[in-house]
Amino acid sequence: MLATLVLCGCARKPPVPYVTVFKEEEPYIPKAGSGNAYDDYLIAAKTTADLVPKEDRRRNFTSGFKVKMVSTLSPVLESVSKATRHPCDFVYRAHGPFKVDTVREDWFLIGRGFAWKTQALFDAREDAAAIDLAVSGLRFACDLTKGDVEDASVGYGVFSQIRQVVRDHQEELSPDLLVKLSQGVSDALKRCGDAAEVIDHQEQAMLAAVQTVKDSYRDKETTKLEDLLYKDSHDAVTYLRNLKDEDRPAYFAAFAEEAHTTAAYAKSIAAQTPNQRKPITFPDKQSRPWKRFSQHFFSPVFTYLDLRDKFLASARLWAVDSRCRAAALRGDAPAAIDHLGTIAVDPYSGNPFVYYAAGSDYKVYSVGKDGRDDGGHSDDGYQPDMPPDAVS
């Protein structure tokens, strides 16, 4: 009896089970003809991957290469243009940072195709067709901003490329086409992802990263983490390797909680202007040994807010400027822009863009990231102020 008690007393406690903070969902399978533009976008990405292998994509885009790509991607551009006539229900699927997903690269190439074909139509003096195609591309770009931060970045990039092509030819457009463009931009922006929606998706990506770190610890495969995050992660990886099993639950619970806290804070400041936002504060590094991991995996949610501000400012300015230019060409610029609604609101101030008009002359601009009216003077495009022709 005594021996039994001794043996029981000396028995090891069973290890604490691993708690799953994120479980990857099955890949979404798009359905042709579903009426959801997102399905068509995924199918278009797969078609693009088949039509343009990775080795055929280059960084230096010659005019001949652009012509070839426009021809190759013509059926894809047509299918995506048709898809943008339907609503887009973005079906988001988060995954860990080690998983390779090329769909965003394919979407970006489709966006380049829209920009290059728009340019070709302008060169052929088919201005109306160019505006129609550009607006379709803008709708596609805005639909992509409904995913996570990476998806939104792709959407903003596609929008910027198309915008630059059109702005290069804006002075050649008739008043009717300028109004059509302004309305097209305004309608496209209504399709953009809501900040809370994007941050919710990004929170899933953050938890997927936490789960990846946890799995790396469990499987004793932390080398991948160091390869992914480079030397800045050395202290965090070393701590993880030496983490005692009994300390594991508290470590990962706090790490996951920081993901939730970060996302909640980002949502709470999303509607504020940059000057109103205060940085989130956490305890020092000693009480957060996962700090390097969180800096890498969690900080993009705040980068997103900056990108979104700049995108909205430049896109809304474009719509307002196009509308004012059309009116000025017909006689007088509008006396004010307040009646244009949300499209005239400067995300950097929360107020209408700064606007002056006298006859056919007018001036409109954003106060830029510093939130201060500097009379329309700009240095790098949006600081101090952002003019309509700023590089987005």
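Okay, so let's go over this structure. (Residues numbered from 1 in each chain as written. Predicted model: local features only at pLDDT ≥ 70, side-chain atom pairs only at ≥ 80, totals over all residues. Heavy atoms only, no water.)

**So, the overall build of the protein chain**
Right, so step 1: Each helix and strand counted, the protein chain has 13 helices and two strands in total.
Right, so step 2: With respect to the three principal axes, the spread of C-alpha positions in the protein chain is 105 × 50 × 35 Å.
Right, so step 3: Roughly 19,600 Å² of accessible area belongs to the protein chain as shown, and the carbon and sulfur atoms make up 53% of that amount.
Right, so step 4: Side chains of the protein chain carry 50 positive and 57 negative charges; the gap between the two charge centres is 3 Å. (Helix = DSSP H or I, 4+ residues; strand = E, 2+ residues; numbered from the N terminus. Areas by Shrake-Rupley, 256 points an atom, 1.4 Å probe, with all protein chains shown as cover. Lys, Arg positive; Asp, Glu negative; His and termini not counted. Charge placed at Lys NZ, Arg CZ, Asp CG, Glu CD.)

**Things to note about the pattern of salt bridges**
Right, so step 1: Considering all chains together, one arrives at 25 salt bridges under this definition.
Right, so step 2: Its salt-bridge partner being Glu258, residue Arg288 comes within 2.8 Å of it at the nearest N-O pair. Here Glu258 lies in helix 11 (residues 248-269) and Arg288 lies in the loop between helix 11 and helix 12 (291-298), a separation of 30 residues in the sequence.
Right, so step 3: Relative accessible area serves as the criterion here: at 8%, Arg288 is assigned to the buried category.
Right, so step 4: Ionic contacts of the salt-bridge type, sharing partners, join the residues Arg104, Asp148, Glu150 and Asp151 into one network. (Salt bridge = Lys/Arg side-chain N within 4 Å of Asp/Glu carboxyl O. Buried < 20%, exposed > 50% of the residue type's maximum accessible area, 1.4 Å probe, protein only.)

**What about the nonpolar core?**
Right, so step 1: Trp107, Phe159 and Phe293 are the most contacted members of the largest nonpolar core, which totals 114 residues.
Right, so step 2: At 14 residues, the largest contribution of residues to this core is made by helix 13 (residues 300-330). (Core = buried A, V, L, I, M, F, W, Y, C linked by side-chain atoms within 4.5 Å.)

**Describing the pairing of strand 1 (residues 354-358)**
Consecutive side chains along a regular strand alternate between the two faces of the sheet.
Right, so step 1: Relative to strand 2 (residues 361-365), strand 1 runs antiparallel, the two being bridged by five bridges. Note that in strand 2 the partner of Val354 across the bridge is Tyr365.
Right, so step 2: What sits between strand 1 and strand 2 in their antiparallel hairpin is a turn of two residues, with Gly359 showing a positive phi close to 65°. (Pairing = 2+ DSSP bridges.)

**Details of the side chain of Ser182**
Right, so step 1: Within the secondary structure layout, Ser182 lies in helix 7 (residues 175-189).
Right, so step 2: When its relative accessible area of 2% is taken as the criterion, Ser182 is described as buried.
Right, so step 3: Within the structure, the side chain of Ser182 is placed 2.7 Å from the backbone oxygen of Ala319, a separation counted as a polar contact. (Polar contact = N/O pair within 3.5 Å; in protein donor to acceptor, adjacent residues only side chain to side chain.)

**Quick notes on helix 6 (residues 149-168)**
Right, so step 1: Here helix 6 contains 20 residues, and its C-alpha end-to-end distance of 29 Å stays within 8% of the 28 Å for a straight helix at 1.5 Å per residue.
Right, so step 2: Most of helix 6 is tucked away, with 16 of its 20 residues classed as buried.
Right, so step 3: N-cap assignment for helix 6: the residue whose side-chain oxygen lies 3.1 Å from the backbone N of Glu150 is Asp148. (Expected span 1.5 Å × (residues − 1).)

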